[in-house]
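# Observations on the three-dimensional arrangement
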Amino acid sequence: MTYQLIRSAQPGSILERFACAASHVWQAGYEQPFIQELRQGILSQERFTWYMIQDRLYLDDYANVHALAFASCTHSTIQQDLAHALGDIAHELATVHDTYTQVFGISEQRITHAVQSAAARAYTTSMLETAYRGNTLEILVALLPCAWVYADYGARLAQELGDAVHGHPYEQWISTYAADDFWDASQWLRDDITLLAQQATEVEIQRLEQMFVQGVDLERVFWASAYEMQAGWNF
Ligand SMILES: Cc1ncc(C[n+]2csc(CCO)c2C)c(N)n1
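The name an unreviewed UniProt entry gives the protein is Aminopyrimidine aminohydrolase, with Galliscardovia ingluviei as the organism. We quote the UniProt Function (unreviewed entry) comment for the protein here in full: "Catalyzes an amino-pyrimidine hydrolysis reaction at the C5' of the pyrimidine moiety of thiamine compounds, a reaction that is part of a thiamine salvage pathway." Under the Sequence similarities (unreviewed entry) heading, UniProt states for the protein: "Belongs to the TenA family."

This part is about the overall build of the protein. Across its full length, the protein holds 13 helices and 0 strands. Of the regular secondary structure in the protein, the N- to C-terminal order runs α-α-α-α-α-α-α-α-α-α-α-α-α. Relative to the 2.2 N^0.38 estimate, which gives 18 Å for 235 residues, the radius of gyration of the protein is 17 Å and therefore close to what a compact globule would have. Along the longest, intermediate and shortest principal axes, the C-alpha atoms of the protein span 50 × 40 × 30 Å. Sorting the 235 residues of the protein into buried and exposed places 37% on the buried side. Look at the contacts in the protein between residues 6 or more apart in sequence, and 82% of them connect residues 24 or more apart.

With that settled, consider the nonpolar core. Core analysis: the largest hydrophobic core is formed by 65 residues, its most contacted members being V65, L140, V141, L143 and L144. Here the element with the most residues in this core is helix α9 (residues 136-161); it accounts for 17 residues. If near-sequence neighbours (up to four positions away) are discounted, V65 is found in contact with M127, L128, A131, I139, A142 and L143.

In the UniProt entry, the feature "domain: Thiaminase-2/PQQC" (unreviewed entry) is given for residues 24-228. From the first C-alpha to the last, residues 24-228 spans 22 Å; its make-up is 83% helix and 0% strand.

Surrounding the ligand, one finds 13 residues, the nearest of these being D88, E92, C146, A147 and Y150. Ranked by residue count, the leading element in the shell around the ligand is helix α5 (residues 45-72), at 4 residues. Taken together, the residues of the shell around the ligand break down into 9 nonpolar, no polar and 4 charged.

In contact at an axis separation of 9 Å, helix α2 (residues 14-21) and helix α13 (residues 202-228) are set at 50° when each is read in the N-to-C sense. Between α2 and α13, the interaxial angle falls into the category oblique. Taken as a pair, α2 and α13 cross one another with a handedness that is right-handed. The segment α2 lies against α13, with I14, R17, F18 and A21 engaging I205, E209, F212 and V213.

Turning our eyes to something else, we now look at the packing of α9 against helix α10 (residues 171-178). Between α9 and α10, the least distance of the axes is 7 Å, while the angle of their chain directions is 120°. Crossing angle aside, the handedness with which α9 passes α10 is left-handed. Contacts between α9 and α10 pair Y150, A151, Y153, G154, A155, L157 and A158 from the former with I174, S175, Y177 and A178 from the latter. Class assignment for the residues of the contact of α9 with α10 results in 9 nonpolar, 2 polar and no charged.

What follows concerns the environment of W233. Here W233 lies in the segment after α13. Classification of W233 by C-beta neighbours within 10 Å gives exposed; the count is 9. Each C-alpha atom, one on W233 and one on L208, is 30 Å from the other, the two residues being 25 residues apart in sequence.

Phi at M229 takes a positive value of approximately 55°, unusual for a residue other than glycine. In this structure, M229 sits in the segment after α13. Looking at M229, the number of C-beta atoms within 10 Å reads 14, which means it is partly exposed.

Thresholds applied
- Position labels on residues start from 1 in each chain and follow its written sequence.
- Given that this is a predicted model, residues contribute local features only at a pLDDT of at least 70 and side-chain atom pairs are listed and counted only at 80 or more, while totals for whole chains, interfaces and linings are drawn from all residues.
- UniProt positions are given in the numbering used here, feature names are shortened, and annotations may be inferred rather than shown by experiment.
- The numbering of helices and of strands both runs from the N terminus, where a helix is a DSSP run of H or I of at least 4 residues and a strand a run of E of at least 2.
- Note that the radius of gyration is over C-alpha atoms, with the globule rule given as 2.2 Å times the number of residues to the power 0.38.
- Think of it as a crowd count around each C-beta: if 20 or more other C-beta atoms lie within 10 Å the residue is buried, if 12 or fewer it is exposed, and in between it is partly exposed, with C-beta placed from the backbone throughout.
- For the purpose of contact definition, each residue receives a C-beta atom placed from its backbone, and two residues are in contact when these atoms lie within 7 Å.
- Any set of buried Ala, Val, Leu, Ile, Met, Phe, Trp, Tyr and Cys residues joined through C-beta atoms within 7 Å is what this text calls a nonpolar core.
- We count a residue as near a molecule or strand when its backbone-placed C-beta atom lies within 6 Å of that partner.
- Any residue that is not Ala, Val, Leu, Ile, Met, Phe, Trp, Tyr, Cys, Pro, Asp, Glu, Lys or Arg is counted as polar, Gly included; the first ten are nonpolar and the last four charged.
- Lines fitted to C-alpha atoms define the axes, with helix axes restricted to the stretch in contact, and inter-axis angles between N-to-C directions lie between 0 and 180 degrees.
- For classification purposes, an angle smaller than 35 degrees is called roughly parallel, one larger than 145 roughly antiparallel, one from 65 to 115 roughly perpendicular, and anything else oblique.
- Each crossing is labelled by how the near helix is turned from the far one, with a counterclockwise turn of less than a right angle marking it left-handed and a clockwise turn marking it right-handed.

As structure tokens, then:
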């Protein structure tokens, strides 16, 4: 179990069940070339730029999933959490994205004309399908891999790099996701899932576990497709 998993998942909790079920794909995601070359600071700017453009498109869909979760929800506290989380996504766009789009000279025009890669589209289509058809708990579980995987990989990268993170070519990216603030910003999501899951049956929990594993794997595939600079379809 990794650093963030130990820190978050109470023994016997639904979160621990998710973490255990996903442990293989989780580790495979960390060991893939995109993340390992990023850690070593040798990931090409071209690949990172490709990723950033795809991520901008992804974040639009990701924000929409929050809005759909809000619409599905009758709990006022969970609605407030979702509305607040939308603000965090705007912050993410303003910090990580704006920095790198400036540093790497990615024009707004290139982003506007970009087409989602096949893998990115598979990921967002799957999340949006859950958002349109699922209940609030299912939609929240669709959002969870995004927050948890990034916090975990960020913390591991920072831990492994130690002082070498300072002046690292991808310092801002690593530091954003390694920060305690980033972890704390998604505590509402883990809490609300834990709360709603108290009413779920064992069969429903097993389905959620499968959804979670698929989401963690789609995070892996998203990076792999950026590493390959995978194309999409122009329709
Ligand atoms: C493909 C992809 N997956 C996850 C994130 C990380 N992320 C994006 S928004 C958000 C929530 C609060 O900012 C988190 C964790 C990303 N950037 N791109």
